[in-house]
Amino acid sequence: MTPQGMHRSAWENDELSVNVPYSAAGVGTTIVLTSKFTGRIMLMDVGDGAVRDLIELTRKSDFVHDIDLIAISHGHFDHVGGLHTLLGFMRMLGRKESLNILIPTNCIEATSIIKGFCQSYHETLPFKIRYHEITQGSEFDTDFFKVKSFGVEHYGSECSPGEEILMPALGFRVKVGESVIAFSGDTRICAGVEAIVANADLAIIEATRPVAPDTGPRVHLSVEEAEKLGALAKEYLLIHRIPNIDIQ
Ligand SMILES: [Zn+2]
């Protein structure tokens, strides 16, 4: 597999297409769900480079008018790092429609980006941003995407062994027509992530660790764990792999 192939994947059925234009642990993750009937788009996480990747994927800049909903799984930089840029791009292109953003309750990273953006541009922002703090079991429906959130278990840092603190983190099940798409977010094995993927038409699962570490806090899934979870769904994609910087 090429380095680029490790970080890009896609899936589709009659109702929607799912694109992961880029996902790498510690770099950025963006997942794009597009309804084939309406062209409406839902984003799950907005990693660094999301605007660049969306332009490349859609081959147009006016995708900003098609984005119906954004859901953020947690506040790590590789999942929210592109949000300010995306909001700025929407402002530049004159989006008019209100934008709904789902974020985990107490996800200070996401609220800081959104509040800072709104504060900076409140006099010239052509669209309203409505962010909704959600938690385990929350549901949010638009005309096109029906979202249910599940709490998952994700540590805030792998670098502070003495501070093993779980952060606000969610995964999502999204219904588009009759299709169910599941996204694990970042998580260790827990009941929440099993419920997210069960019987989904497609499960998008983080598989950060090539093998599970012997010691220390379990921050991410291993490939083996992710594949076992994937077997609970009808089909699955593994994302959020560690970049192999040694590949030439
Ligand atoms: Zn994370």
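Just above sits the structure.
Attention in this report is confined to the structure presented alongside it. (Residues numbered from 1 in each chain as written. Predicted model: local features only at pLDDT ≥ 70, side-chain atom pairs only at ≥ 80, totals over all residues. Heavy atoms only, no water.)

Side note on the coordination of the zinc ion
Protein coordination at the zinc ion: the donors are His 74 (NE2), His 76 (ND1), His 154 (NE2) and Asp 186 (OD), at 2.2 to 2.4 Å from the metal. In this structure, the zinc ion is coordinated by four donor atoms arranged in irregular fashion, with angles at the metal of 90 to 167 degrees. The sequence pattern formed by the donor residues of the zinc ion is H-x1-H-x77-H-x31-D. Residue His 74 is classed as buried on the basis of its relative accessible area of 0%. (Donors = N, O, S within 2.8 Å, 3.2 Å for Na, K, Ca; no water. Tetrahedral: all angles 85-135°; square planar, octahedral: opposite > 155°, others 65-115°. Buried < 20%, exposed > 50% of the residue type's maximum accessible area, 1.4 Å probe, protein only.)

With respect to the state of the cysteines
Under the counting rule described, the total for this entry stands at zero disulfides. Considering cysteine sulfurs only, Cys 118 is the nearest to Cys 107, which forms no disulfide, with 15 Å between them. You can call Cys 107 buried: its relative accessible area is 1%. (Disulfide = S-S within 2.5 Å.)

Brief notes about the packing of helix α2 (residues 50-58) against helix α4 (residues 83-92)
At a minimum axis separation of 8 Å, α2 and α4 run at an interaxial angle of 55 degrees. Here α2 is positioned oblique relative to α4, judged by the angle of their axes. Across the interface between the two elements, Val 51, Leu 54 and Ile 55 of α2 pack against Thr 85, Leu 86 and Phe 89 of α4. Its residues assigned to classes, the contact of α2 with α4 shows five nonpolar, one polar and no charged. (Axes fitted to C-alpha atoms, helices over the stretch in contact; angles between N-to-C directions. Helix = DSSP H or I, 4+ residues; strand = E, 2+ residues; numbered from the N terminus. Parallel < 35°, antiparallel > 145°, perpendicular 65-115°, else oblique. Contact = heavy atoms within 4.5 Å. Nonpolar A, V, L, I, M, F, W, Y, C, P; charged D, E, K, R; others polar.)

So, the environment of Leu 238
Mapped onto the elements, Leu 238 comes out in strand β13 (residues 236-239). Here the alpha-carbon distance between Leu 238 and His 7, two residues 231 residues apart in the chain, equals 9.2 Å. Aside from chain neighbours lying at most four places away, what touches Leu 238 is Ile 205, Ala 207, Val 223, Ala 226 and Glu 227.

Remarks on the pairing of strand β5 (residues 67-71)
With five of five residues buried, β5 lies mostly within the body of the structure. Sheet topology note: the strand β4 (residues 41-46)/β5 ladder contains four bridges and is parallel. Across the sheet, the residue bridging to Met 44 is Ala 71, located in β5. Examined bridge by bridge, β5 and strand β6 (residues 99-104) share three bridges and lie parallel to one another. Counterpart to Leu 69 in the pairing with β6 is Asn 100. (Pairing = 2+ DSSP bridges.)

A word on the side chain of Glu 225
Here Glu 225 shows up in helix α7 (residues 223-230). Taking relative accessible area as the criterion, Glu 225 reaches 18% and is therefore assigned buried. A distance of 2.9 Å separates a polar atom in the side chain of Glu 225 from the backbone nitrogen of Ser 222. Among all residues touching Glu 225, those that are not within four sequence positions of it are Ile 189, Arg 218 and His 220. (Polar contact = N/O pair within 3.5 Å; in protein donor to acceptor, adjacent residues only side chain to side chain.)

Overview of the packing of aromatic side chains
Scanning all chains against the criterion turns up two aromatic pairs. Centre to centre, the rings of Phe 63 and Phe 89 are 5.7 Å apart; their planes meet at 20 degrees, and the pair counts as stacked. You can see Phe 63 sitting in the loop between α2 and β5 and its partner Phe 89 sitting in helix α4, a full 26 residues away along the chain. The class of Phe 63 is buried, set by a relative accessible area of 0%. Each ring, one from Phe 117 and one from Tyr 121, has its centre 5.0 Å from the other, and the planes form 55 degrees; the classification is tilted. Taken together, the positions of Phe 117 and Tyr 121, both in helix α5 (residues 108-121) and four residues apart, correspond to about one turn of that helix. (Phe/Tyr/Trp six-rings, centres within 6.5 Å; stacked < 30°, edge-to-face > 60°.)

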